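# Descriptive analysis of the structure
For reference, the chains in residue letters:
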Amino acid sequence: MDQTKLTDAWDALAAHRAEMENQKIADFFAADPERYAKFHIQLDDVLFDFSKHRVTRKTLDLLVALARAAGLEEKRAALFAGDLVNVTEHRSAMHMALRNLTDRPMIAEGRDVMPEVLAERKKVLAFAEAIRKGEIKSASGAPFTDIINIGIGGSDLGPAMAGRALSPFVSPKLKLHFVANVDGADLGDTLAGVPLATTLFIICSKTFTTLETMTNAASARAIVAEKLGEAAVADHFCAVSTALDKVAAFGIKPDRIFGFWDYVGGRLSVWSSIGLSLAIGIGAEKFEKFLLGGQDIDTHFRETPLEQNGPVIMALIGIWYRNLWDYRTQAVIPYDQRMARFPAYLQQLEMESNGKSVRLNGEPVTHETAPVIFGEPGTNGQHAFFQMLHQGTDIVPIDFLIAAQPNAADAKHHQLLFANCLAQSEALMRGRSLAEVETQLQKQGLDAAAIKALAPHKVFAGNRPSSTFIYKKLSPRVLGQLIALYEHKVFVQSVIWNINAFDQWGVELGKELALRLAPIIADKSASTAGLDSSTAGLIAEMRKLNKGS
Ligand code: F6P
């Protein structure tokens, strides 16, 4: 990385930002009928339209120059070479090996990891197929009907999001359930809705120490032992982890333990054995299609020049808004009810990866990092928070996602869904001026005083940016492509910010303090001395409220 070039690149962007202050996206469209043609790219099965952004060709050129000055091409090569890019944990980030369906070796931590990846994938898919075919049965001898994945964070969000997104592909004989929260309501409500005698539990935890997962797993085990008998536990539980010794200690049969490795981050692990519930649901063939989607984007990201590279453009537009315009949030709005968990999935992917304040060398960052990610499916979001997106004081860039065809839904509904998606990005971009509002109100017959009072409330400033991702249908392969696009986007941004996208030290303090407080909360006579007065006061209040119950 050349520091002078980097400073120059940021300075050039700052100067360009000033030039762009009053430029309107709608004017870019008016001036250039070819804008859409020039500002979209086809990424395998996904078309990425970035024409409705506050960017010109010059903006993108300057952003690409920034990426080059930050050493993106070298760092991309280092990522794929299996270098120890996760510097604080001395690990590679080789999740791409899990979706490598070629015979190309993939190196992590100095070895070709494909033999272990292929062996484990084969084991997982064989187990998944045996459950689907009823060859592996419940203790009663009946085939399994329900699968409960117990895990949290990356051991939940990936399979939960994908299981729902791909529900039209899930065998009608199986239902997938996901329990994450240590709140007993999560496990309790899930168990209330399943036939325990034909339910398989998958305990998913990279570390096999996570409080929530271990608590839920122990409770589920106790319930199975109580209701179905201790001998049934072996038939009804399996586990996925990198900590195989800890899993064995829990009492899971060795042939029911599926591994993965430290070079796969939790939030990047859906492609690994962590995807077991998904593989059971959609079957081996479709799970491999899902992996193929991820591999499609790996090839694209690795081989395409930065100027035409989808994840790079996504990342750089994000940098433009976060660092040059100080936009602090990013919305993700899938126009697909089954993609309801996609925004939550991206919250972990983006905010746990890039919500950092120090650079790789431990010094403070020089630019703001991850924006707040939020979202809901369209059209629901339109009737909740879109008011703020259209007329609020903060500008929120949006990613819209939509399929041309529904997987399993009425075509007329889908036409309306599609119309709404396009209407929103157009309305955000175009806006409605005061003069337009006044003309509209005059046509409606309002008098001058009424127009004056009402018109300002009906003005839309417009010039609000969005991307649209469109694909034919949300197939396993397309979902794999979408996830991998965002994964690499996050990596590119981490390179520009010079931070480690692959650790998550920021979750540790809360975990430690929860462990310290748990015994004080469990024992009502335990001393609260040494705690701050708020924490001690709230514990006292909890004890008071619990008195007599
Ligand atoms: O607390 C954050 C985290 O460590 C995530 O990074 C991870 O995905 C999640 O907890 C679950 O961890 P595990 O899979 O080890 O139970």
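Residues numbered from 1 in each chain as written. Predicted model: local features only at pLDDT ≥ 70, side-chain atom pairs only at ≥ 80, totals over all residues. Heavy atoms only, no water.

### Description of the overall build of the protein chain
- Across its full length, the protein chain holds 22 helices and 13 strands.
- A compact globule built from 549 residues should have a C-alpha radius of gyration of about 24 Å, and the protein chain, at 26 Å, falls within 12% of that.
- For the protein chain, the spread of C-alpha atoms along the principal axes amounts to about 80 × 60 × 60 Å.
- Buried residues in the protein chain amount to 52% of all 549 residues.
- Across the protein chain, contacts joining residues at least 24 apart in sequence account for 73% of those joining residues at least 6 apart.
- Put simply, the protein chain has 58 plus and 62 minus side-chain charges, and the middle of one group is 4 Å from the middle of the other. (Helix = DSSP H or I, 4+ residues; strand = E, 2+ residues; numbered from the N terminus. Rg over C-alpha atoms; globule rule 2.2 N^0.38 Å. Buried < 20%, exposed > 50% of the residue type's maximum accessible area, 1.4 Å probe, protein only. Contact = heavy atoms within 4.5 Å. Lys, Arg positive; Asp, Glu negative; His and termini not counted. Charge placed at Lys NZ, Arg CZ, Asp CG, Glu CD.)

### A short note on the packing of helix H21 (residues 508-522) against helix H22 (residues 533-546)
- The contact between H21 and H22 brings their axes to 11 Å, and the two run at 35 degrees. Considering how the two elements wind past one another, H21 and H22 form a crossing that is right-handed. Of H22, the residues touching H21 (which contributes Leu517, Ile520 and Ile521) are Thr535, Ile539, Met542 and Arg543.
- Of the residues that constitute the contact of H21 with H22, the class distribution is five nonpolar, one polar and one charged. (Axes fitted to C-alpha atoms, helices over the stretch in contact; angles between N-to-C directions. Left-handed = near helix turned anticlockwise from the far one by under 90°. Nonpolar A, V, L, I, M, F, W, Y, C, P; charged D, E, K, R; others polar.)

### Quick notes on the sheet that holds strand E13 (residues 466-471)
- Taken together, six strands build an open sheet; the order of strands is E1-E2-E13-E12-E10-E11 and the sheet is mixed. On the outer flanks of this sheet lie strand E1 (40-43) and strand E11 (372-374), each paired with one strand and no other. Here the average twist between neighbouring strands, direction ignored, is 15 degrees.
- In this sheet, E13 lies alongside strand E12 (residues 398-403) in parallel orientation, the contact comprising six bridges. (Pairing = 2+ DSSP bridges.)

### Here's the deal with the site of the ligand
- Residues in contact with the ligand amount to 13 residues; listed here are only the nearest, Ser155, Ser205, Lys206, Thr207 and Thr210.
- Note that an oxygen atom of the ligand is positioned 2.7 Å from one of the backbone N or O atoms of lysine 206.
- The contact in question runs from an oxygen atom of the ligand to an N or O atom on the side chain of threonine 210, over 2.5 Å.
- Surface burial for the ligand is 88%, taken as the share of its 390 Å² of free accessible area covered by protein chains.
- Partitioning the shell around the ligand into residue classes produces two nonpolar, eight polar and three charged. (Near = heavy atom within 4 Å. Polar contact = N/O pair within 3.5 Å; in protein donor to acceptor, adjacent residues only side chain to side chain. Areas by Shrake-Rupley, 256 points an atom, 1.4 Å probe, with all protein chains shown as cover.)

### Describing the pairing of E1
- Residue alternation in E1 divides its side chains into a buried set, Ile41 and Leu43, and an unburied set, His40 and Gln42.
- Sheet topology places E1 next to strand E2 (residues 46-49); four bridges connect them, and they run antiparallel. From the neighbouring strand, histidine 40 faces E2, where its bridge partner is aspartate 49.
- Where E1 hands over to E2, the hairpin turn is made up of two residues, of which aspartate 44 adopts a positive phi near 50 degrees.

### With respect to the environment of glutamine 481
- Considering the arrangement of structural elements, one finds glutamine 481 in helix H20 (residues 476-497).
- Considered as a pair, glutamine 481 and isoleucine 297 are 184 residues apart in the sequence and their alpha carbons are 5.8 Å apart.
- In this view, glutamine 481 contacts Leu43, Asp44, Asp45, Val46, Gly293, Gly294, Asp296 and Ile297; residues no more than four positions away in its chain are not counted.

### A short note on the packing of aromatic side chains
- Under the criterion given, the structure shown has 21 aromatic pairs.
- On the basis of an interplanar angle of 0 degrees and a centroid distance of 4.8 Å, the ring pair of phenylalanine 48 and phenylalanine 469 is categorised as stacked. Of this pair, phenylalanine 48 sits in strand E2 while phenylalanine 469 sits in strand E13, placing them 421 residues apart in sequence. For the pair shown, phenylalanine 48 and phenylalanine 469 are each scored as buried.
- Note on phenylalanine 127 and phenylalanine 258: the rings are 5.0 Å apart at their centroids and 50 degrees apart in plane angle, and the pair reads as tilted. Of this pair, phenylalanine 127 sits in helix H6 (residues 114-132) while phenylalanine 258 sits in strand E9 (residues 257-259), placing them 131 residues apart in sequence. Phenylalanine 258 matches phenylalanine 127 in its accessibility class, with the two residues each being buried.
- An aromatic cluster of at least three residues, connected via ring pairs, comprises Phe39, Phe48, Phe50, Phe342, Tyr345, Phe469 and Tyr486.
- Stacked on the ring of phenylalanine 39, the Lys or Arg arginine 35 has its end atom at 4.3 Å from the ring centre.
- Against the face of tryptophan 271 rests arginine 99, its NZ or CZ located 4.5 Å from the ring centre. (Phe/Tyr/Trp six-rings, centres within 6.5 Å; stacked < 30°, edge-to-face > 60°. Lys NZ or Arg CZ within 6 Å of the ring centre and 35° of its normal.)

### Topic: the environment of phenylalanine 250
- Secondary-structure assignment places phenylalanine 250 in helix H11 (residues 244-250).
- A relative accessible area of 19% places phenylalanine 250 in the buried class.
- Separated by 36 residues in the primary sequence, phenylalanine 250 and methionine 214 place their C-alpha atoms 9.6 Å from one another.

### Concerning a nonpolar patch on the surface
- A cluster of nonpolar side chains, namely Val182, Leu211 and Leu515, defines an oily patch on the protein surface of about 260 Å² accessible area.
- Among the secondary structure elements, leucine 211 is positioned in helix H9 (residues 211-228). (Patch = residues over 30% accessible without salt bridge, like charges linked within 9 Å, V, L, I, M, F, W, Y side chains within 5 Å. Salt bridge = Lys/Arg side-chain N within 4 Å of Asp/Glu carboxyl O.)

### Brief notes about the domain arrangement of the protein chain
- Domain boundaries in the protein chain define domain 1 (3-69 + 305-430 + 464-503), domain 2 (95-288) and domain 3 (508-546).
- Here domain 2 and domain 3 have C-alpha centroids that lie 34 Å from each other. (Domains from an automatic or database assignment.)

### A closer look at the sheet that holds strand E6 (residues 175-179)
- Here five strands make up an open sheet; going across it, the order is E6-E5-E7-E8-E9 and the pairing parallel. Each edge of the open sheet carries a strand with a single partner, namely E6 and E9. Adjacent strand axes in the sheet meet at a mean angle of 20 degrees, parallel and antiparallel pairs treated alike.
- Pairing between strand E5 (residues 146-150) and E6: five bridges, direction parallel. If you follow isoleucine 147 over to E6, its bridge partner there is leucine 176.
- Its contacts with the sheet put H6 on E5, strand E7 (199-204), strand E8 (237-241) and E9, and the angle it makes with E9 is roughly 140 degrees.
- Sitting on the sheet, H9 is in contact with E5, E6, E7 and E8, with an inclination near 155 degrees to E7.

### Quick look at unusual backbone geometry
- That bond from glycine 378 to threonine 379 is cis: its omega, 10 degrees, falls within 30 degrees of zero.
- Unlike most non-glycine residues, glutamate 109 shows phi in positive territory, near 45 degrees.
- Inspection of the secondary structure puts glutamate 109 in the loop between strand E3 (107-108) and strand E4 (111-112).
- Given a relative accessible area of 31%, glutamate 109 falls into the partly exposed group.
- Of note, the phi angle at aspartate 326 is positive, near 60 degrees, even though the residue is not glycine.
- For aspartate 326, a relative accessible area of 37% corresponds to the partly exposed category.

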